[in-house]
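# Understanding the architecture of this molecule
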Amino acid sequence: MVTRQPDVDPAVAATADDIEAMRIRGAATIADAAAEALSTQAKRSDATAPDVFERQLRAAAKTLYETRPTAVSLPNALRYVLRGMDGESVSALRDATIARAEEFQRELARAQTTLGTVGANRLRDGDVVMTHCHSTDALACLEAALEDGKEVEAIVKETRPRKQGHITAQQLREWGVPVTLIVDNAARRYLDEADHVLVGADSIAADGSVINKIGTSGLAVNARERGVPVMVAAQTIKLHPDTMTGHTVEIEMRAESEVVSDEERRTITGDADDGLVVANPAFDVTPPRYVDAIVTERGQFPPESIVTLMRELFGEMTGEPWEP
Ligand SMILES: O=P(O)(O)OC[C@H]1O[C@H](OP(=O)(O)O)[C@H](O)[C@@H]1O
């Protein structure tokens with residue numbers, strides 16, 4: 001459970017729980033939900049003084065921030081909305097915050113659509129695309145290619161331990177795309193049939209490293225060895241400004257229950273039940289040399305040049321998202 005801050009609306013706390021438990025998941029979807037939650041906090045605030053209203057909003061932001069550490073879209077969303085919290089009275093602050101959250105959500109949706117058209121330009125009619133996990137940014141590229149009348153096929157990696165590849169497969173089948181679902185271990189074999197690897201990102205570091213679902217880096221290394229280009233679909237909300245000042249991106253470690261059941265654990269360890277560590281990192285880091293292009297709503301970039309865009313969009317940012 002997320003640490004509760006005082007004065008946080010129950011609806012905000014519920015959103016935080018949903019993000020933590022991954023009922024709400026995917027970097028862009030988390031950002032959208034966080035903006036929505038801040039808007040809800042603003043609408044429902046019982047504050048009668050501006051400083052109390054602001055304190056409540058910052059407490060809500062901190063509660064949301066503490067859910068999951070890796071996807072930078074979450075703090076970027078919180079910062080964006082809180083920077084619009086402007087006004088001399090509670091009602092002015094409320095209106096400004098709600099309007100800012102709506103603006104953020106609108107821009108988020110627009111960015112994904114624009115990114116999709118850029119990514120689709122990299123895909124040719126008849127291409128086979130290998131995917132990893134479930135990324136709405138990556139799927140936007142495929143959707144735009146389909147809208148352009150291109151026929152594409154997909155090889156979808158299952159993506160252990162949570163099997164989010166199934167969500168990708170379901171979406172692609174709804175769009176009529178032929179799908180071959182494979183276990184993660186079959187990826188290298190099937191790369192011979194793929195024209196592209198297409199993945200999303202939870203964070204992009206200043207050096208162009210891509211932080212995405214565990215297994216992305218191994219896939220990218222194998223793709224390079226096989227000569228298959230790796231395309232990362234990531235809105236600029238995924239750019240991690242703190243990495244410009246030397247900070248690293250924290251990799252979330254998740255519960256062992258996602259990997260083994262209690263029964264499986266007992267089978268392995270017997271009654272002793274010690275000496276077994278189950279490690280479950282949710283993400284890994286793909287170095288820029290294995291990535292061919294980062295596709296954003298501002299166009300596509302070689303990973304090494306992404307820092308230029310990062311500086312232009314974010315400047316040198318410091319401090320926690322909820323700090324003024
Ligand atoms: O923003 P979109 O492209 O939807 O997703 C980006 C990334 O977020 C997901 O993380 P998780 O499932 O929340 O752990 C996956 O790693 C995916 O590639």
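Reading guide: rules and limits
Residues numbered from 1 in each chain as written. Predicted model: local features only at pLDDT ≥ 70, side-chain atom pairs only at ≥ 80, totals over all residues. Heavy atoms only, no water. UniProt positions renumbered as here; feature names shortened; annotations may be inferred. Helix = DSSP H or I, 4+ residues; strand = E, 2+ residues; numbered from the N terminus. Contact = heavy atoms within 4.5 Å. Buried < 20%, exposed > 50% of the residue type's maximum accessible area, 1.4 Å probe, protein only. Polar contact = N/O pair within 3.5 Å; in protein donor to acceptor, adjacent residues only side chain to side chain. Phe/Tyr/Trp six-rings, centres within 6.5 Å; stacked < 30°, edge-to-face > 60°. Lys NZ or Arg CZ within 6 Å of the ring centre and 35° of its normal. Core = buried A, V, L, I, M, F, W, Y, C linked by side-chain atoms within 4.5 Å.

### A word on the UniProt feature "binding site: substrate" (unreviewed entry) in the chain
- When the UniProt feature table is mapped onto this chain, "binding site: substrate" (unreviewed entry) is found at Arg-25, Gly-26, Ala-27, Ala-28, Arg-68, Asn-212, Lys-213 and Lys-238. Over a stretch of 214 residues, the named residues converge on one spot in the fold, their C-alpha atoms separated by at most 14.3 Å.
- Looking at where Ala-27 falls in the secondary structure, it is placed in helix α2 (residues 27–44).
- Once you skip the residues sitting within four places of it in the chain, Ala-27 turns out to touch Ala-71, Ser-73, Ala-201, Asp-202 and Lys-238.
- With respect to the helices and strands, the residue Asn-212 is situated in strand β6 (residues 210–213).
- For Asn-212, a relative accessible area of 5% gives the class buried.
- If we skip the residues at most four places from it in the chain, Asn-212 touches Val-199, Gly-200, Ala-201, Asp-202, Ala-282, Phe-283 and Asp-284.
- A polar side-chain atom of Asn-212 sits 3.3 Å from the main-chain carbonyl oxygen of Gly-200.

### Overview of the packing of aromatic side chains
- According to the stated counting rule, one finds 1 aromatic pair in the structure shown.
- With a centroid separation of 5.4 Å and an interplanar angle of 50°, the aromatic rings of Tyr-80 and Phe-104 are classed as tilted. Linking Tyr-80 in helix α4 (residues 73–83) with Phe-104 in helix α5 (residues 90–121), this pair joins segments that are 24 residues apart in sequence.
- The partly exposed category is assigned to Tyr-80, whose relative accessible area is 27%.
- Looking at Arg-100, its charged tip hangs above the ring of Tyr-80, at a distance of 3.9 Å from the centre.

### Here's the deal with the nonpolar core
- Core analysis: the largest hydrophobic core is formed by 34 residues, its most contacted members being Leu-38, Phe-53, Leu-57, Leu-64, Leu-78, Leu-82 and Phe-104.
- Where this core is concerned, the elements lending two or more residues are α1 (10–20), α2, α3 (50–65), α4 and α5.
- Broken down by element, this core gets its largest block of residues, 8 residues, from α2.
- With near-sequence residues (within four places) excluded, Leu-38 lies in contact with Leu-57, Ala-60, Ala-61, Leu-64, Leu-78, Val-81, Leu-82 and Thr-97.
- Core analysis: the next-biggest nonpolar cluster, separate from the first, contains 32 residues, Ala-194, Ala-206, Met-244 and Met-310 among them.

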